[in-house]
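Listed below, chain by chain, are the residues.
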Amino acid sequence: MVAGGVFDKYRGWRRSKSLLDKNKSNKVLHVLKENIDFLQKLIDTIPNPIFYKDCKGIYQGCNRAFESYIGKEKSQVIGKNVHELSSYELSSTYYKMDEELFLHPGVQNYESCVQYADGTQHDVIFDKATYTNTNNEIAGLVGVITDITERKKMELELKRSTEKLNDILEQIVRAMATVTETRDMYTAGHQRRVSELAVAIAHEMQMSDEVIKSVQVAGMLHDIGKIAVPAEILTKPNALSTHEFGIIREHAEAGYLILSSIEFPWPIAEIVYQHHERVNGTGYPKGLKGEEMLLPAKIIAVADVVEAMSSHRPYRASQGIVQAILEINSNRGSLYDEEVVLACIKVFEKKAPFTLENG
């Protein structure tokens, strides 16, 4: 009886322990389920489509936004791969990305154009990252889709607006240049040719697009200050007197005053102000030296001399390109920036030589 009582107590203890363990397990499972439900509700509130797959590319879950995106309920998504689900179009990059991500864990993203379940085309960004299990082994990947269709539309509209403004700006610049040249028919086309040569030099020097654009605009307007010079001096058929030349020299400052009131995206007024400066300080109107000069001004200074010497003037015949090149080359490093001069020479030495065409 004693032994039987002990065994009965032992069996009773085992049953109690088993019930306790079962209760603990049930509680753990209940907590886990609550956590999973909470996480699911959490990702369901996120407006971006979210999904996660295992290492074989099989969907293990998603949020409501992904259901709307793909046009299927979660129960129809889980256990399928993308080929089985796709009623929308994806580039081959999408599939390659999954494969590469498992080989090289981390985060990857790329843009694509996809067709939503409702048939509409959308620009999206796919962000994908691998996740690991408790053994720190890659268990699958999670993906987030961001719709950038509206952003793309805004970027396109902004680009079109910018292009339109640039076109208007270019038309205004050309109109201003034409006004200058109508007062000095002997040098008609001079500003355009200087601008074209200056741009070619800037390209040869591998300048940025912004510098090249500033050179182009400043070249077209570098003599706009001649509006303030009396017409009889501009069109005088013989050599200018010292006094007359002094008046001509004022065109750089006059150009600066005209252009400084316009808010260009580049320092056009200052470039125009400096285009008769020389790197050794012997130029005008300020006598600037070397690094005190803006690079675009150094480029236009060289282009201006080359174009002027190679063009006909009422008081002298054209001296030609060869003589103009000799002039800037013999004075490179003293009057003219050395790098600019070498670039200018290369422009004329190329197989398809640059020409300063009239017209």
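Scroll up to find the structure this text is about.
Residues numbered from 1 in each chain as written. Predicted model: local features only at pLDDT ≥ 70, side-chain atom pairs only at ≥ 80, totals over all residues. Heavy atoms only, no water.

Caption draft 1: Here's a closer look at the pattern of salt bridges. Applying the stated criterion across every chain, the model contains 14 salt bridges. Close ionic contact of lysine 153 with glutamate 150 constitutes a salt bridge, the shortest N to O distance being 3.6 Å. Residue lysine 153 and its partner glutamate 150 are located together in helix α6 (residues 149–182), separated by three residues, close to a single helical turn. Sharing partners across several salt bridges, the network here consists of Glu111, Arg151, Lys152 and Glu155. (Salt bridge = Lys/Arg side-chain N within 4 Å of Asp/Glu carboxyl O. Helix = DSSP H or I, 4+ residues; strand = E, 2+ residues; numbered from the N terminus.)

Caption draft 2: Main features of empty space enclosed by the protein. With the rule as written, the count across this model stands at two cavities of 30 Å³ or more. Approximately 40 Å³ is the volume attributed to the second largest cavity. Contributing to the lining of the second largest cavity are Glu277, Arg278, Val279, Met293, Lys298, Ala301, Val302, Leu335, Tyr336 and Asp337. A class-by-class count of the residues in the lining of the second largest cavity yields six nonpolar, no polar and four charged. (1 Å grid on protein atoms, 1.4 Å probe; cavity = no way out; pocket = protein on both sides within 12 Å on 5 of 7 lines; lining within 4 Å. Points joined across faces, edges and corners; volume = space filled by probe spheres on them. Nonpolar A, V, L, I, M, F, W, Y, C, P; charged D, E, K, R; others polar.)

Caption draft 3: Quick peek at the environment of leucine 141. Note on placement: leucine 141 falls in strand β5 (residues 138–147). Residue class for leucine 141 comes out buried when judged on its relative accessible area of 0%. Sequence-wise, leucine 141 and lysine 128 are 13 residues apart; in three dimensions their C-alpha atoms are separated by 6.7 Å. In this structure leucine 141 touches Phe51, Tyr52, Lys53, Asp98, Leu101, Phe102, Lys128, Ala129, Thr130 and Tyr131, once residues within four positions along its chain are discounted. (Buried < 20%, exposed > 50% of the residue type's maximum accessible area, 1.4 Å probe, protein only. Contact = heavy atoms within 4.5 Å.)

Caption draft 4: Main features of the packing of helix α14 (residues 320–330) against helix α15 (residues 338–349). Orientation of α14 relative to α15, taken along the N-to-C sense of each, is 160°, at an axis distance of 10 Å. The orientation of α14 with respect to α15, classified from their angle, is roughly antiparallel. Viewed along their axes, α14 and α15 form a crossing whose handedness is left-handed. Here Ile321, Ile325, Ile328 and Asn329 of α14 come into contact with α15, specifically with Val341, Cys344, Ile345 and Phe348. Taken together, the residues that form the contact of α14 with α15 break down as seven nonpolar, one polar and no charged. (Axes fitted to C-alpha atoms, helices over the stretch in contact; angles between N-to-C directions. Parallel < 35°, antiparallel > 145°, perpendicular 65-115°, else oblique. Left-handed = near helix turned anticlockwise from the far one by under 90°.)

Caption draft 5: Inspection of the sheet that holds strand β3 (residues 107–115) at higher detail. If you walk across this open sheet you meet the five strands as β2-β1-β5-β4-β3, and the pairing is antiparallel. Among the strands making up the open sheet, the edge pair consists of β2 (59–62) and β3. Across the sheet, the axes of successive neighbouring strands diverge by a mean angle of 25°, strand direction being ignored. One ladder, built from nine bridges, connects strand β4 (residues 121–132) with β5; its direction is antiparallel. Looking at β5, one finds that lysine 128 is bridged to glycine 143. (Pairing = 2+ DSSP bridges.)

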